[in-house]
Every structure is written in C-alpha cells, then in structure tokens.
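# Breakdown of the fold
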Amino acid sequence: VGGPRRSPPPAAHLRSATARGAAAASEAVADAAAREEAVGVLIAPAQFGVRADYESLIHELRQVTGIEEVEVVGLSRLDWLKIIPATLTNLPAYVEGALPVTPTLDFYFERLDEAYARLAARLGGGGDGEEGVRPRIKLLGHSIGGWVLRGWLAERPEILASADVLMTLGSPNREPPAGSVWASVDQTRGLLREINRRFGALEAERRPRLVSVVGQGTVGGLFEPEGGSRQGLRQAWDEDVGRSPLLEGAVAASSYLALSGDAFAAGDGLIPASVAAMEESEIVELPDCNHAGFVPSPGESLALPETYLWYGSKSMVPLWAPKLLAE
C-alpha cells in the first residue's frame, strides 16, 4: 500500500533529535540505576500482531533508550479467534453496542498478565531478583494494544504501582463523535467507551503518565490533498517509492470515516489524528508517519516498503522513545 507522500523531516533534524534523545535516555537510565530501579518495556501489539512484527522496533528502542529488557505480549494470530465465542455468548450486548470488557478481552488480559509476570521477574519484582530493586515498567501499546492496556490497568489496579508511563502508538483512543451514525456502528461495540469510562475513574494520582504518539503520514481520499506538490487523482502506482498512493488514500478514507466521521482527515493511514490522543495525555505528533510496517498474515507478516515510514522505522523511534524515560 502507499499514500500521499509528504516531505520527510530534514536529515539534520532527525540526527539532532536522535542525539538529544540518546543523551536524555542515557541520563534517565543512569538516574534509575542510582535509585536502584530496574527498567523494562512491555509492548502490547496491534490486532493479529506478534513479536516478530516488532523486532526492528525493539532494536531501535534499545538503541535510543538503553533499555535492554523488552517483553512483547505473547499473543498468537489464533488467539484473536477467542473473541468470537465471547461475543456470541453476549450477542444482545453486541447488537446493542454494549459488549462487556470481560470476558470479551480476557484472552488479551491473560496474555498481558503472563508477559508482565515474566518481565517483572527479570527486573527483580517477581521474587527472583535482587533484593531492594524496584521494577519500573513502561507500557507501550500499538494500535488496539493501546486501549487494551488501559482496560487491563483498570481491571488490574495493583499493576499501577510499577507502571510509570503508558504510551500509545497510533491507537484509536477516542470513540466516534457522540450522536453520529458512526457512533451507532462503533467498531468496538462499546468496548472502547467502557474502557474510557473505567480508566477515567481511576484516581488521577495513581494513573501512569500518559503519552499519545500520533502519526500524520496520510490524508484520506482519492485525490491529492490541497497544498501538495501534485494535483488531481492520486497515482495508482508511484515507482519512486514502490507504493500505491491511490490505494492507500482509499484505505485511509474508509478507516477514518468509520472512526471519526471525516474521510478526508489526516492520520497514520488507519487511525485519524483526531481520535489518537488519550484524555489528559502529552501528545507527540509525527508528520510522515504511518500505522504499521507490516500486514499480518497466517504465516509471516507481509513487510511493507521501507519508504512507508511507521512508528517502528529507524527515523521515527528517536522522535518518541525518549518520552518513555522523561519524568
């Protein structure tokens, strides 16, 4: 797939951002060590995403932050099928758009429990680590993983003591506009609304620091956006980047329309920027950043061209990863 191209940030800007990020990260890691805290990252993947899809992101994350302990929730592609019986047993609630968080998302919550336990044990918080070392876990959710993490924290408030930041990458954190036709056909069938309510009910001082990373690499629609270098219908194929701007504009428009009611918005190709920010969060906006560098499939995921920059691209990670360590 491919979308309307925007000029990437100048190389000098990216180099300076990387240098600043590396300096801030090393200082933060040193501070944590001085306080006898062990730091790790727990990644909640996108729908049908698996660890292999995040290997490049993890590599860049370690390079930028200095954090070595990174755990990805161990979901398989087939795990997502477990949502079907949970939905069928609550069919009236599904139709009404009022699916309960549990048992609908229990399959994901259980895998989060397992991943958290593995990471906490390695950091010294599971009974096998050095005495006196307090784990600090950074929660990183990609796409649906971002709001599932908030639902998990609301269900497992005991985790809040060790989770000091929750960052989402291209997550649809806000519901469609209230009273609109798109709200009535909410794709989450009420799950997101209920999670927003439950997470918002947590005491503010107990909630982790919130950071929303918002990609703005694609404007929805079949025509070139106003103000661009090109006019008229988007190209069916752009040989220079090995992508289809026309196809990606169409995909973005259909996704944006369902999520926000605006097909021609800016976003990351799947999630419009208008719904990607959590309430009361710091916002990091990334021009030229798209949703994912892979398309899940039954076997290995299909890798998208390197020209299709996403949150895990080498040039993008330094622009958001240092925020995991900021106090």
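So, here's what we can say about the structure. (Residues numbered from 1 in each chain as written. Predicted model: local features only at pLDDT ≥ 70, side-chain atom pairs only at ≥ 80, totals over all residues. Heavy atoms only, no water.)

### Describing the sheet that holds strand β5 (residues 209–216)
The parallel open sheet is built from six strands, whose spatial order is β2-β1-β3-β4-β5-β8. The open sheet terminates on both sides in strands that have one partner only, identified here as β2 (69–72) and β8 (282–287). Put simply, the sheet's adjacent strands are angled 20 degrees from each other on average, direction ignored. Pairing of β5 with β8, which is carried by six bridges, proceeds in the parallel orientation. Bridge assignment links Gly215 to a residue of β8, and that residue is Leu286. (Pairing = 2+ DSSP bridges. Helix = DSSP H or I, 4+ residues; strand = E, 2+ residues; numbered from the N terminus. Axes fitted to C-alpha atoms, helices over the stretch in contact; angles between N-to-C directions.)

### Regarding the pattern of salt bridges
All told, the structure shown has 18 salt bridges when counted by the stated rule. Residue Arg198 is joined to Glu155 by a salt bridge in which the shortest nitrogen-to-oxygen separation is 2.2 Å. Of the two residues, Arg198 sits in helix α9 (residues 191–201) while Glu155 sits in helix α7 (residues 144–155), which places them 43 residues apart along the sequence. Since its relative accessible area comes to 27%, Arg198 is described here as partly exposed. (Salt bridge = Lys/Arg side-chain N within 4 Å of Asp/Glu carboxyl O. Buried < 20%, exposed > 50% of the residue type's maximum accessible area, 1.4 Å probe, protein only.)

### Considerations on the pairing of β2
Pairing geometry for strand β1 (residues 37–44) and β2, over four bridges, is parallel. Bridged to Val41 within β2 is Val70. Crossover β1 to β2 through helix α2 (residues 55–65) is right-handed. (Right-handed = clockwise from strand over helix to strand, strands pointing away.)

### Thoughts on the packing of aromatic side chains
Enumeration over the complete set of coordinates arrives at eight aromatic pairs. Measuring from centroid to centroid gives 5.1 Å for Trp80 and Phe107, while their planes differ by 70 degrees, and the two rings are edge-to-face. Taken together, the positions of Trp80 in the loop between β2 and α3 (83–88) and Phe107 in helix α6 (residues 106–123) put the pair 27 residues apart, joining distant regions of the chain. For the pair formed by Trp80 and Phe107, the shared burial category is buried. Ring geometry for Trp80 against Tyr108: centres 5.7 Å apart, planes inclined by 85 degrees, an arrangement best described as edge-to-face. Here Tyr108 lies in helix α6 and Trp80 lies in the loop between β2 and α3, a separation of 28 residues in the sequence. With relative accessibility at 4%, the residue Trp80 sits in the buried group. Aromatic ring contacts, followed pair by pair, group Phe48, Trp80, Phe107 and Tyr108 into a single cluster. Arg150 extends its terminal NZ or CZ atom over the ring of Phe199, reaching a point 5.8 Å from the ring centre. (Phe/Tyr/Trp six-rings, centres within 6.5 Å; stacked < 30°, edge-to-face > 60°. Lys NZ or Arg CZ within 6 Å of the ring centre and 35° of its normal.)

### A word on the packing of α7 against α9
Where α7 contacts α9, the axes come no closer than 9 Å and their chain directions differ by 50 degrees. Overall, the two elements α7 and α9 adopt an arrangement that is oblique. Relative to α9, α7 is oriented so that their crossing is left-handed. Residues Trp147, Arg150, Gly151, Leu153, Ala154 and Glu155 of α7 form the contact with α9, whose own contacting residues are Leu191, Leu192, Ile195, Asn196, Arg198 and Phe199. The residue inventory of the contact of α7 with α9, partitioned by class, reads seven nonpolar, two polar and three charged. (Parallel < 35°, antiparallel > 145°, perpendicular 65-115°, else oblique. Left-handed = near helix turned anticlockwise from the far one by under 90°. Contact = heavy atoms within 4.5 Å. Nonpolar A, V, L, I, M, F, W, Y, C, P; charged D, E, K, R; others polar.)

### Examining helix α10 (residues 245–260)
Between its first and last C-alpha atoms α10 spans 21 Å; for 16 residues at 1.5 Å apiece the expected length is 22 Å, and the two agree. Here α10 has its buried residues at Pro245, Glu248, Gly249, Ala252, Ala253, Ser255, Tyr256, Ala258, Leu259 and Ser260. Buried residues along α10 sit against α8 (181–184), β6 (218–219) and β7 (266–267). Looking one or two residues past α10, Gly261 carries a phi angle of roughly 85 degrees, positive in sign. (Expected span 1.5 Å × (residues − 1).)

### Things to note about α6
Spanning 18 residues, α6 covers 25 Å between terminal C-alpha atoms, matching the ideal 26 Å at 1.5 Å per step. Those residues of α6 that sit buried are Phe107, Tyr108, Phe109, Arg111, Leu112, Ala115, Tyr116, Leu119, Ala120 and Leu123. Contact partners of the buried residues in α6: β1, β2, α3, α5 (101–104), β3 (134–142) and α7. Once α6 ends, the next one or two residues include Gly124, with phi positive near 100 degrees.

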